[in-house]
Structure formats: structure tokens, C-alpha cells
Amino acid sequence: MSEDFRFTLKNTDGNARLGEISMPRGVIRTPAFMPVGTAGTVKAMYLDQVRDLGADIILGNTYHLMLRPGAERVARLGGLHSLIRWPHPILTDSGGFQVMSLAALREIDERKGVTFKSHIDGSVHHMSPERSIEIQGLLGSDIQMQLDECVRLPAERPEIEKSTEMSLAWAERCRVAFGDQPGKAMFGIVQGGDIPDLRVRSARGLADLDLKGYAVGGLAVGEPQAVMLDMLEITLPELPTQKPRYLMGVGTPDDILKSVARGIDMFDCVMPTRAGRHGLAFTRRGKVNLRNARHAEDLRPLDEESICPATRDYSRAYLHHLVRANESLAGMLLTWNNLHYYQQLMQGIRAAIAEGRYEDFMAETQEGWARGDV
Ligand SMILES: CC1(C)O[C@@H]2[C@@H](CO[C@@]3(CNc4nc5cc6c(=O)[nH]c(N)nc6cc5[nH]4)OC(C)(C)O[C@@H]23)O1
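Computed from a prediction, not measured in an experiment: that's the story for all the values here. (Residues numbered from 1 in each chain as written. Predicted model: local features only at pLDDT ≥ 70, side-chain atom pairs only at ≥ 80, totals over all residues. Heavy atoms only, no water.)

Here the structure, examined in full by the defined rule, presents zero disulfides. The thiol of Cys150 is unpaired, and the distance to the nearest cysteine sulfur, on Cys269, comes to 14 Å. (Disulfide = S-S within 2.5 Å.)

Right, here's the structure in full:
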């Protein structure tokens, strides 16, 4: 393992990139999908299973963990890696976005940061750029995200411009607060809403800070896929090619295929885990909603050719029964299936880029979904 944080580009195929991030806690093969472990658990999974499925890194969340069990308590307990028994890399989001999407927001002030009430017990909390980096350090996070503000779209230019400039100023403060931590990284987050010149302004401003990696934020918040992809085509050329790019909150398998084709290296999304808990299975023939009565007496598995026991060994009839009965095992088996599908997709993407056949791989994969699940 590297004693430092080192990103190596191994191959490109068009704008698709094959790479590796080498860190003290392990190597991250890119393009990578990071299962979401918001409150220190990837819901309905044992982390040994998550690792066996091929995940090199998982995501944690500053907002949730600072509220419960508390950042200082996690530090007293030895840090997140030992507490949750995941010795590999962890990326933590900075909390700003979750404040906007979960907490009762009190105020946002460029100097002080965000003040909010906990969605758990209503207690009031303050999070400055410096405090967000401090919390991520207390958690022991390997890749830390700057504190930023993600403006809900649609929004007018003045609001997006003000928020983009504030996020840029917070990036600089986070860079100073993070300092020089060998083997760890702090990523900036590009904002700018759906306004091209603000996206360019944000990306260039962050590139000038010479950070170890760059996330594209402010997307996957309900905008059409075409808008998300357009913003990538505007943003990515402004970012250094030798640094990893992380598209936050994305996405469906189709979102991932198309974003890899535009130059994204890292993804995270609750889709496979959340959908699994709601009875939805991702397969190479498309999505299967196990709540649907048509599965009630179908003894076929989700995919007889899969190597994943959840996909190969359980009948749709049984999965349908478990989903209808709201049994815990439904979420466990379907989350297992979905994370396996996502990691297999990433493995296929990496192999295709390595062999210079990414466009064909993307077309074949999309055709498989279009054939549908018979
Ligand atoms: C796609 C899917 C299934 O993911 C769900 C739900 C709604 O979208 C998601 C995912 N999208 C998403 N965009 C993001 C943008 C930022 C950002 O600009 N800054 C920072 N610091 N973190 C971010 C995290 C992000 N997550 O965001 C919440 C609201 C967390 O639930 C997720 O639809």
C-alpha cells in the first residue's frame, strides 16, 4: 500500500478512464461504486459481505454520525474503521448536503457555516467548514469532503452564484483546516447549479487549490439525466485529468454507464440498498419488482447464471412472499443481489476500458436491460 494518496491513470477509452487510488488502507479500483454506509452500516448487509462483493471503499456521513453516536465518542471508541470493523478506505460526506435534505435548517452564514436542528431530537448544532473537517478527522475518514452548499434546483442565477462563491470560499477554509495529512485526502466539490459559466467558475476555482480529488456536486437532485450529463460535459474538461473525479449521489446503472463515458471515476448512491429494502431487484435483464403479484408462483431465481447466492438460489415466489410479508430477509437478500449487481457492473466497466471496448460494453449492457425480464 502507498504511504500517501496516489491516483494512477491506467488506461483511457474515449473519455472513460481506468485507474487506481492507492492509500494506506487499501487500493480503490476505478471506476468505483461506493456502497453507502450513512450511519456506520451498509443497511441490511454484513460488511464482510460488502467486501466480498468487491467494494474497495464505503461512504459514511458526517451529519448522521455527528448526531449519533457523536464524533468525539467515535474517536474515543477508536475511530470509525475499528468501530464498524471495516479496515479499508472510508469516504465521508461533509454534512452540508444532508443538513439541507434532512435537518430543520436554521441559518447559513458564510463566516459561521450552517446552524441546524437535529432531525433526531431537535437539538441545535453549528457546523463550520473547520468543524466539518474536524469531525471527519475524529471519525478517521480517509477521503474527506469539503463543506459546501448544494442549491435546490430550479433556482435563479443570483442564488446559485452566491452559493457557488460561498462553497469556493469554504473549500479554501477546508483545505487550510485539513492541512497536510499524508495518506488522506480532502476533495473539493464543484457547484454552479445548471448554469454553465458558474460550473466553469467553480471547477477552475477548485482546480487552482490543487486538491487531491474533485467531486461534482449539486446534481442527482431530481434533474433530468440529460441536464446532469450536460453539466458533466461542461465541468469535467476544467478539472485536472490526473486527479480522481467523484459524481456525488449517482446513480442508476444507466447513469453510471453514461457518466463513466464522460470521465467520472467514483460513484455513491443509496439506489441499490434503498431499492433492495423496497422489493426492487437490479439484474442484467433490467429491474424486477418482487412486490408484483406476477411473481407469486414463479420458481425461477432472479438469474440462474449469477454467482451470487441471493440471485441464483432463491425463487422469485419466495422473494415475493418475503417482500409482501415485509420480512427482514427480503431486504437482506435483495440488497445483497443489488450490491452484487452494481459491483459486477463496475468490474465489467473496468475490464471494458482496459480492453478498449467500452462503447460496445455500454451498448450490450443497455440492450440486456431493454430485452427486459421475461
Ligand atoms: C438518486 C437517489 C436514489 O439518491 C437519493 C435520492 C435523492 O438524491 C440523493 C442522491 N443525490 C445526491 N446529490 C448530492 C449532491 C451533494 C452535494 O452537492 N454536496 C455534498 N456535500 N453532498 C452531496 C450528496 C448528494 N447526493 O440525495 C439524497 C437526498 C441524500 O438522497 C439521495 O435519489
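From this point, things continue past the structure.
Let us look at the sheet that holds strand E9 (residues 124-127). The strand order E7-E8-E9 describes an open sheet built from three strands, whose pairing is antiparallel. Strands with a single pairing partner mark the edges of an open sheet, and in this sheet they are strand E7 (104-109) and E9. Pairs of neighbouring strands in the sheet enclose a mean axial angle of 15°, with direction left out of account. Note: E7 against strand E8 (residues 113-117), five bridges, orientation antiparallel. By the bridge assignment, Ile108 is partnered in E8 with Val114. (Pairing = 2+ DSSP bridges. Helix = DSSP H or I, 4+ residues; strand = E, 2+ residues; numbered from the N terminus. Axes fitted to C-alpha atoms, helices over the stretch in contact; angles between N-to-C directions.)

Right, let's get into helix H10 (residues 253-261). Most of H10 sits inside the fold, with eight of its nine residues counted as buried. Following H10 by one or two positions, Gly263 adopts a phi angle in the positive range, close to 110°. (Buried < 20%, exposed > 50% of the residue type's maximum accessible area, 1.4 Å probe, protein only.)

Let us now look at the site of the ligand. Contacts to the ligand come from 17 residues, most closely from Asp93, Asp148, Gly218, Leu219 and Ala220. Within the side chain of Gln191, an N or O atom sits 2.9 Å from an oxygen atom of the ligand. Within the backbone of Gly218, one N or O atom sits 2.7 Å away from an oxygen atom of the ligand. Its residues placed into classes, the shell around the ligand shows nine nonpolar, five polar and three charged. (Near = heavy atom within 4 Å. Polar contact = N/O pair within 3.5 Å; in protein donor to acceptor, adjacent residues only side chain to side chain. Nonpolar A, V, L, I, M, F, W, Y, C, P; charged D, E, K, R; others polar.)

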